[in-house]
Structures are given as structure tokens and as C-alpha cells.
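Read off the chains here:
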Amino acid sequence: MTDLTGAPVPVDVLHTLFRSDQGGHEQVVLCQDRASGLKAVIALHSTALGPGLGGTRFYPYASEAEAVADALNLSRGMSYKNAMAGLDHGGGKAVIIGDPETLKSEELLLAYGRFVDSLGGRYVTACDVGTYVADMDVVARETRWATGRSPENGGAGDSSVLTAYGVFQGMRASAQHLWGEPSLRGRRVGIAGVGKVGHHLVGHLIEDGAEVVITDVREESVRRIRDKHPQVTAVADTDTLIRSEGLDVYAPCALGGALNDGSVPALTATVVCGAANNQLAHPGVEKDLADRGILYAPDYVVNAGGVIQVADELHGFDFDRCKAKASKIFDTTLAIFARAKEDGIPPAAAADRIAEQRMADARRS
């Protein structure tokens, strides 16, 4: 197997693709359209529960091999997320390689839509980092398997609205489990990344009476929050945020790998609950968190509001129906904490067991 430059994909990527303890991947498609500059990877981890569903990430990866590895990790996460959200969908994810600020074009998005369509409904796409509602409107001109479209084009619009709502429900469940009350009132919550999802999350927390501290690599994102909520405090970077005194909750809402060998020992928060995908940098981090007495709300459980929303588009979108489903993230998160306590394992492992059981039952049926 070669990457999009024709060079061999490193052995570790192939190992990830076929490694049994990662659950394996059913299909990986490398896509290229020279005319538009499109280079993309579509990864299908599992279709046991139904067609793979997951967004398209547009990102300037350092290498094609890194892009493949990200697609594999993200698609696997979507299998677990969709299973825990109770959706009849498996896990899929796509990445487009390049800087969306300079490479994205109508021609490229249409070419990408044709690749999605070529899979015949095995993969249903949506927005992710670097792609937006307007982009899905273009992709949908070439395939019916694009969700996250604008209401004018038969879609649900911005899925980050319910993603943030679901994360907030996960925080409420964490507060209930740890402090005996499903509220963040009087708690200090630090959010790393206040973009599409994070800025909605700030609003929920302010309304609930929390004290909010934020950071973001984009100054305009911080400024937008401070203009709307002047009571919010901003700090220079994530390292400063996680070391802040008196932090009760840390919410990683940017890219993955936020919980690693460097950040976990430095955390002052007693709860981690955020919107970012793949927050655990490597296996074992979940145990490090538990050993420090930090309650971790599994990322793919609490950030499932968005996928609940886009999945509903395939059946005729109804916002109230979706919000009711996303509200159940509160109960699901509590159930995971209870299972973790019962089995004597970290919450991330408990969530995995529940999701794997649902997928295994589907394969047998």
C-alpha cells in the first residue's frame, strides 16, 4: 500500500489498519483528483450497525501517512460514538489533505462528493474541522450521502449547536456523579478551543452560573467570546489553562491528543469533559487520569450531539426530536460512571465495553 505521493505507507499505519485490538477497519479509500488538487482519505471502520457516519476533516497534515492514521483513528472513534448514541450507523470518517484557507474550492468539493457517492451509501459524511455547512451544500450536489447541509438545502444546519448541548449534558452528569448535583453553578470551567462548538458551550455554562476561563489559538475567537460575555476570563494558552488554580472542569474542545503524558500530571481540574475527538493520546492515559482521581467523561459519548443531529437529516430533520435524543447523553454518561465503578475500571474502558457489546450483538443478529 502506498500513500498519495506513491511512497510506502509506514508499517505502523498498516499495523493500525489491521490490528485486532483496535477492532480492524473494513475499508480505506484513497481519493485523488488532480484537476482540483483533491487528496483525501475515506476510512470505514465498521458498518455492523449500519452505514458509516462521520464528518470530513480538511486539514494541512504534515504527511499523507499522518492523514491516513488520523482517518483510521477518527473512524474507529465514530463506530463507538454512534453505538453509544444509539444510532443505527457504523463508524466512518474522511480527511482532505491541505490548508482549507488556500486549497478549498467548489471544484474540489464537487470532486470529493463524487468519491463519497461512489461508495453507494456505505459512508455518510458531514462537517468537521475545516468544513462547514456551505461546503456540505456543495458536496451534496454530487451525492445524497452528505448531511450537515443548510436548512435551505434540506439539512439541519450547524451541528455544533447540539454537539455543545451534549457536552453540557455530560458535564451535568459529571457534576451529579462527583458533587451530587447536576449543575455547574459556582464551578470554574476551563475551555480550550472556543470555535464552532466551544463558543456554544460557553453560553450554556454562563447560563448555568459557572465561572468560565477560555483559551484559543485564534485571537478573533477569544474576542468574540469576550465581546458577548465580558465576565469570561481568557488565558494565553492551554498549558496555562490546565494549570489554573481552582479549576473544577477542563473541557478540551480543539484537536485530539489533549490528554497526554505531559498534560495529565499538570491538570488541576477534577473533571475532564470536552468536545474534542480522540482526547486520550495513547492507551493508558485513562488509567493515569483515574489514578489521579480525575473523572473523565469519554469524549465520544459526550460529543455525540452533532452526529445525532446530522443522522436525523436522513429521516427528515426535526430539531426537537434531536435535542430530546441529545438530552439522553446525561443518562448515558451516568450509566458509564456506574458501570466503571461496578467493574473497577476507568470510565473510558466502561464506555468501550458497552459500545463493543452493541456492535457484537448487531453482528450476530
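A.B. asks: I tried to follow the overall build of the protein on my own but got confused; where do I start?
C.D. replies: Secondary structure assignment for the protein yields 15 helices and 12 strands. Against the compact-globule benchmark of 21 Å for 365 residues, the protein has a radius of gyration of 19 Å, which places it among compact chains. Once the C-alpha set of the protein is aligned to its principal axes, its extents read approximately 55 × 45 × 40 Å. When burial is assessed residue by residue, the protein has 55% of its 365 residues classed as buried.

A.B. asks: What am I meant to see in the packing of helix α6 (residues 160-179) against helix α7 (residues 198-208) here?
C.D. replies: Each pair of packed helices gets described by two things: the angle between the helix axes and the distance between those axes. Relative orientation of the contacting elements α6 and α7 amounts to 45 degrees, with a least axis distance of 8 Å. Judged on the interaxial angle alone, α7 and α6 are oblique. When you trace α6 past α7, the crossing you get is right-handed. Contact residues: α6 offers Ser160, Val161, Ala164, Tyr165, Val167, Phe168 and Met171, while α7 offers His200, Leu201, His204, Leu205 and Asp208. Partitioned by chemical class, the residues of the contact of α6 with α7 number 8 nonpolar, 3 polar and 1 charged.

A.B. asks: Looking at this structure, I do not really get the packing of aromatic side chains. What am I missing?
C.D. replies: For any pair of aromatic rings, the description rests on two quantities: the centre-to-centre distance and the angle between the ring planes. Counting across every chain of the model gives 3 aromatic pairs. Summarising the aromatic geometry, the rings of Tyr80 and Tyr300 are spaced 5.7 Å apart at their centres and angled 65 degrees between planes, so their arrangement reads as edge-to-face. With Tyr80 in helix α2 (residues 64-84) and Tyr300 in helix α11 (residues 299-302), this residue pair connects regions lying 220 residues apart in the sequence. With a centroid separation of 6.4 Å and 70 degrees between ring planes, the pair formed by Phe317 and Phe319 is classed as edge-to-face. Exposure remark for Phe319: the relative accessible area of 34% places this residue in the partly exposed category. Directly above the aromatic system of Tyr165 lies the positively charged group of Lys323, at a separation of 5.0 Å from the ring centroid.

A.B. asks: I tried to follow the environment of Gly155 on my own but got confused; where do I start?
C.D. replies: Relative to the elements of secondary structure, Gly155 occurs in the loop between α5 (133-139) and α6. Note on Gly155: relative accessible area 9%, which makes it buried. Considering only alpha carbons, one finds Gly155 and Val235, 80 residues apart in sequence, at a separation of 36 Å. Those residues in contact with Gly155 that lie beyond four places of it in its chain are Arg149, Ser150, Glu313 and Phe317.

A.B. asks: Any chance you could explain the sheet that holds strand β8 (residues 211-215) here in plain terms?
C.D. replies: Either a parallel or an antiparallel arrangement is found when strands of a sheet pair, and the pairing is made through backbone hydrogen bonds. A sheet is described by the order of its strands in space; here 6 strands give the open sequence β9-β8-β7-β10-β11-β12, paired in parallel fashion. Sheet topology places β9 (233-234) and β12 (295-296) at the edges, where each strand pairs with a single neighbour. Note that β8 and β9 share 2 bridges and pair parallel. Pairing of Ile214 across the sheet is with Ala234, part of β9.

A.B. asks: Just checking my understanding: could you explain the nonpolar core for this structure?
C.D. replies: For soluble globular proteins, the rule of thumb is that nonpolar side chains tend to be buried together. If you look at the biggest cluster of nonpolar residues, it comprises 62 residues, and the most contacted ones within it are Tyr112, Met171, Ile191, Leu201, Val202, Leu205 and Ile214. Sorting elements by how many residues they give to this core places helix α4 (residues 106-118) first, with 6 residues. If sequence neighbours within four positions are ignored, Leu201 has contacts with Ala164, Val167, Phe168, Met171, Ile191, Ala251 and Cys253. Of all hydrophobic cores here, the second largest spans 18 residues; its members include Ile242, Ala269, Ile294 and Ala348.

A.B. asks: Before we go on, may I ask you to explain the side chain of Thr125 in this structure?
C.D. replies: Of note, Thr125 is situated in the loop between β6 (123-124) and α5. Take Thr125: its relative accessible area is 0%, and that puts it in the buried class. Residues in contact with Thr125, not counting those within four places in the same chain, are Gly54, Gly55, Thr56, Tyr112, Val116, Met136, Val139, Trp145, Ala146 and Thr147.

A.B. asks: What is the right way to read the pattern of salt bridges from this model?
C.D. replies: Opposite charge on two side chains permits pairing when their charged atoms draw close. Per the counting criterion, the structure on display carries 18 salt bridges. Between Arg149 and Glu313 there is a salt bridge; the shortest N-O distance is 3.3 Å. Of the two residues, Arg149 sits in the loop between α5 and α6 while Glu313 sits in helix α12 (residues 305-313), which places them 164 residues apart along the sequence. For the pair formed by Arg149 and Glu313, the shared burial category is buried.

Procedures and definitions
- Residues numbered from 1 in each chain as written.
- Predicted model: local features only at pLDDT ≥ 70, side-chain atom pairs only at ≥ 80, totals over all residues.
- Heavy atoms only, no water.
- Helix = DSSP H or I, 4+ residues; strand = E, 2+ residues; numbered from the N terminus.
- Rg over C-alpha atoms; globule rule 2.2 N^0.38 Å.
- Buried < 20%, exposed > 50% of the residue type's maximum accessible area, 1.4 Å probe, protein only.
- Axes fitted to C-alpha atoms, helices over the stretch in contact; angles between N-to-C directions.
- Parallel < 35°, antiparallel > 145°, perpendicular 65-115°, else oblique.
- Left-handed = near helix turned anticlockwise from the far one by under 90°.
- Contact = heavy atoms within 4.5 Å.
- Nonpolar A, V, L, I, M, F, W, Y, C, P; charged D, E, K, R; others polar.
- Phe/Tyr/Trp six-rings, centres within 6.5 Å; stacked < 30°, edge-to-face > 60°.
- Lys NZ or Arg CZ within 6 Å of the ring centre and 35° of its normal.
- Pairing = 2+ DSSP bridges.
- Core = buried A, V, L, I, M, F, W, Y, C linked by side-chain atoms within 4.5 Å.
- Salt bridge = Lys/Arg side-chain N within 4 Å of Asp/Glu carboxyl O.

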